[in-house]
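Coordinate inspection notes
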Amino acid sequence: MSTVQAIRGTRDILPEEVGYWQQVEAVARAVLGRAAYQEIRTPTFEQTELFERGVGEATDIVSKEMYTFRDRGDRSLTLRPEGTAGVVRAYIEHHLHAQGGVQRLWYLGPMFRYERPQAGRQRQFHQVGVEVLGSADPRADAEVIAVATDLLTGLGLKDLRLEFNSIGDRSDRQQYREALIAYLTPYKADLDADSQDRLTRNPLRILDSKDQKTQAILQEAPSILDFLSPDSQGRFEQVQQLLTDLGIPFNVNSRLVRGLDYYTHTVFEIQSDDLGSQATVCAGGRYDGLVSELGGPETSAVGWAIGLERLILLLQQLQPPKPANLDFYLVSRGDRAEAQSMKLAQSLRQTGFSVELDLSGSAFGKQFKRADRSGAVACLILGDAEAESETVQLKWLASGAQESLSQKDLLSQTEQLRKQITALKK
RNA sequence: GCGAGCGUAGCCAAGUGGUUAAGGCAGCGGAUUGUGGUUCCGCCAUUCGUGGGUUCGAGUCCCAUCGUUCGCCCCA
């Protein structure tokens, strides 16, 4: 094939699908706005170092999935693989912490990871995310989760599970890590190959192995929850209580760990069974160490990200595509009529109607066929006779009823027309 | 990075080594030179992702390559 194609792992969102995206964006704006989150837009690429430090050099994202390149000034740049690092960078750079209080931010945009594409996974994908910076209050943890569930249920999604866990602070996790290694080492030969490898590299990740034998061995493994300090334990319980008070069901899952280095305490995922093997549609948690890690002041923070492609996959299973939302389809034939049709279309648009003008110049029969398919509520007909008398035929496409009126009247009866059209759109 | 499946028109496809590549949807033209959603007729792949090979003969078999899908790793 000699024609140029979209890059592997990227895709075009065509008009027939874009309605879903607009819907998601509208609901996200509304829900986040109501909770006093403010939108922030950061660059699509950053210094490579930001992600190495922020996401963690040992993570798969940084070690093998980043789109990193050198620019003409020989700087190492990277297409952002996630949103948090850039937001935190901006927070520090613009001294948003100096404004005092809590910063509630949200973002939406494309992210890039060099991975093998499959269902619900692409190389360029989109996330909407929130970050609450400057609060260690457990209510912040509960709030971000509540906002996420509002967003998802606001789109009509059901059958979602909230998996919830605490991975404690660094020292809790360090002790647990040692205990887990001690427990698993005698079973090493029985673990799946990947997990054997992870035993030294990243033992916590063994917990969510999909291998059955490994999972059987893990039945008796120590739980992170037994290693939480009293403070960590207290936080964990408070967040759970708040979720219960809010009526948000959750499932404590002590096997839940996250792939990014910066998480502490609260971690959670919202999952669906309708996504194939990529079940997680929303994931997040607390990251109290990240801001200082990136050179800012000690700052508590919590946030999440939602994968929009996965979200839209769910939405499509639930809703048929929305039909076109057109008021008028204007058909015309003959020089004078065609000239008038142009002006009539424009005038109607200026009074707030949506109008599609048929440009084909083909026989009326063909134009009607297209009018019918356009999904318009009404068809306006302008031929030689109408042009002569400066009238227009107004045909209601559902009923077939047709009336003749002057173009002047059509443009002056906008109130009444509007009402009739809205009534028919239902 | 690893494993498996699949690439025939804009879309869905039949085709299982024998030569003219079914059918459906959509589109376009006509029946119907000013009235749609129904119906009828006609048109729409010198070629089966690409390159090479096997064969008298390849969309069908083999190899490579690209793309795609699903899974693993990992992640939203």
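So, how was this worked out
Residues numbered from 1 in each chain as written. Chains lettered and ligands numbered in written order. Predicted model: local features only at pLDDT ≥ 70, side-chain atom pairs only at ≥ 80, totals over all residues. Heavy atoms only, no water. Helix = DSSP H or I, 4+ residues; strand = E, 2+ residues; numbered from the N terminus. Rg over C-alpha atoms; globule rule 2.2 N^0.38 Å. Buried < 20%, exposed > 50% of the residue type's maximum accessible area, 1.4 Å probe, protein only. Contact = heavy atoms within 4.5 Å. Areas by Shrake-Rupley, 256 points an atom, 1.4 Å probe, with all protein chains shown as cover. Lys, Arg positive; Asp, Glu negative; His and termini not counted. Charge placed at Lys NZ, Arg CZ, Asp CG, Glu CD. Salt bridge = Lys/Arg side-chain N within 4 Å of Asp/Glu carboxyl O. Domains from an automatic or database assignment. Axes fitted to C-alpha atoms, helices over the stretch in contact; angles between N-to-C directions. Parallel < 35°, antiparallel > 145°, perpendicular 65-115°, else oblique. Left-handed = near helix turned anticlockwise from the far one by under 90°. Nonpolar A, V, L, I, M, F, W, Y, C, P; charged D, E, K, R; others polar. Pairing = 2+ DSSP bridges.

So, on to the overall build of chain A. Of regular secondary structure, chain A possesses 16 helices and 16 strands. In terms of overall size, chain A is more extended than a compact globule, its C-alpha atoms giving a radius of gyration of 28 Å where 426 residues would be expected to give roughly 22 Å. With the C-alpha coordinates aligned to their principal axes, the bounding extent of chain A is approximately 90 × 55 × 50 Å. Considering chain A as a whole, with its 426 residues, one finds that 48% of them fall into the buried category. Here the contacts in chain A between residues at least 6 apart in sequence split such that 68% fall between residues at least 24 apart. For chain A, the accessible surface area stands at approximately 21500 Å², while carbon and sulfur atoms represent 49% of it. One finds the centroid of the 49 positive side-chain charges in chain A at a distance of 5 Å from the centroid of its 58 negative side-chain charges.

On to the pattern of salt bridges. When charged atoms on two side chains of opposite charge get close, those side chains can pair. Considering all chains together, one arrives at 23 salt bridges under this definition. Between arginine 29 and glutamate 39 there is a salt bridge, and its shortest N-O distance comes to 3.7 Å. Of this pair, arginine 29 sits in helix H1 (residues 15-34) while glutamate 39 sits in strand S1 (residues 38-39); the two residues are ten residues apart in sequence, bridging distant segments of the chain. Linking aspartate 74 and arginine 70 is a salt bridge whose minimum nitrogen-to-oxygen distance equals 3.7 Å. Here aspartate 74 falls in the exposed class, since its relative accessible area comes to 53%.

Attention shifts here to the domain arrangement of chain A. A common way to express how large an interface is: the accessible area buried when the components associate. Each assigned domain of chain A is listed with its residue range as follows: domain 1 (15-169 + 229-318) and domain 2 (328-425). Taking only C-alpha atoms into account, the centre of domain 1 sits 48 Å from that of domain 2.

With that settled, consider the packing of H1 against helix H11 (residues 308-318). Describing two packed helices takes the angle between their axes plus the distance from one axis to the other. Packing of H1 against H11 leaves a shortest axis separation of 10 Å and a crossing angle of 110°. Between H1 and H11, the crossing angle belongs to the class labelled roughly perpendicular. Judged by the sense of rotation from one axis to the other, the crossing of H1 with H11 is right-handed. Seen from H1, the contacting residues are Glu17, Tyr20, Trp21, Gln23 and Val24; seen from H11, they are Leu308, Glu309, Leu311, Ile312, Leu315 and Gln316. Split into classes, the residues belonging to the contact of H1 with H11 amount to seven nonpolar, two polar and two charged.

We now examine the sheet that holds strand S8 (residues 251-252). A sheet is described by the order of its strands in space; here eight strands give the open sequence S1-S5-S6-S11-S10-S9-S7-S8, paired in mixed fashion. Both outer strands of the open sheet, S1 and S8, are each paired with one neighbouring strand and no more. Against the sheet, H1 makes contact with S1, strand S5 (103-112), strand S6 (124-133) and strand S11 (301-307), and its axis sits at roughly 0° relative to S6, the strand it touches most. Here helix H5 (residues 138-154) sits on the sheet and contacts S5, S6, strand S7 (160-166), strand S9 (264-272), strand S10 (280-286) and S11; the angle it forms with S11, its principal contact strand, is near 20°.

Here we take up the sheet that holds strand S4 (residues 76-79). Adjacent strands of a sheet pair through backbone hydrogen bonds, lying either parallel or antiparallel. If you walk across this open sheet you meet the three strands as S2-S4-S3, and the pairing is antiparallel. Both edges of this open sheet fall to strand S2 (45-47) and strand S3 (67-70), since each of them pairs with a single strand only. Pairs of neighbouring strands in the sheet enclose a mean axial angle of 35°, with direction left out of account. By the bridge criterion, three bridges tie S2 to S4 in an arrangement that is antiparallel. Residue pairing for S4: glutamine 47 is matched across the bridge by leucine 77.

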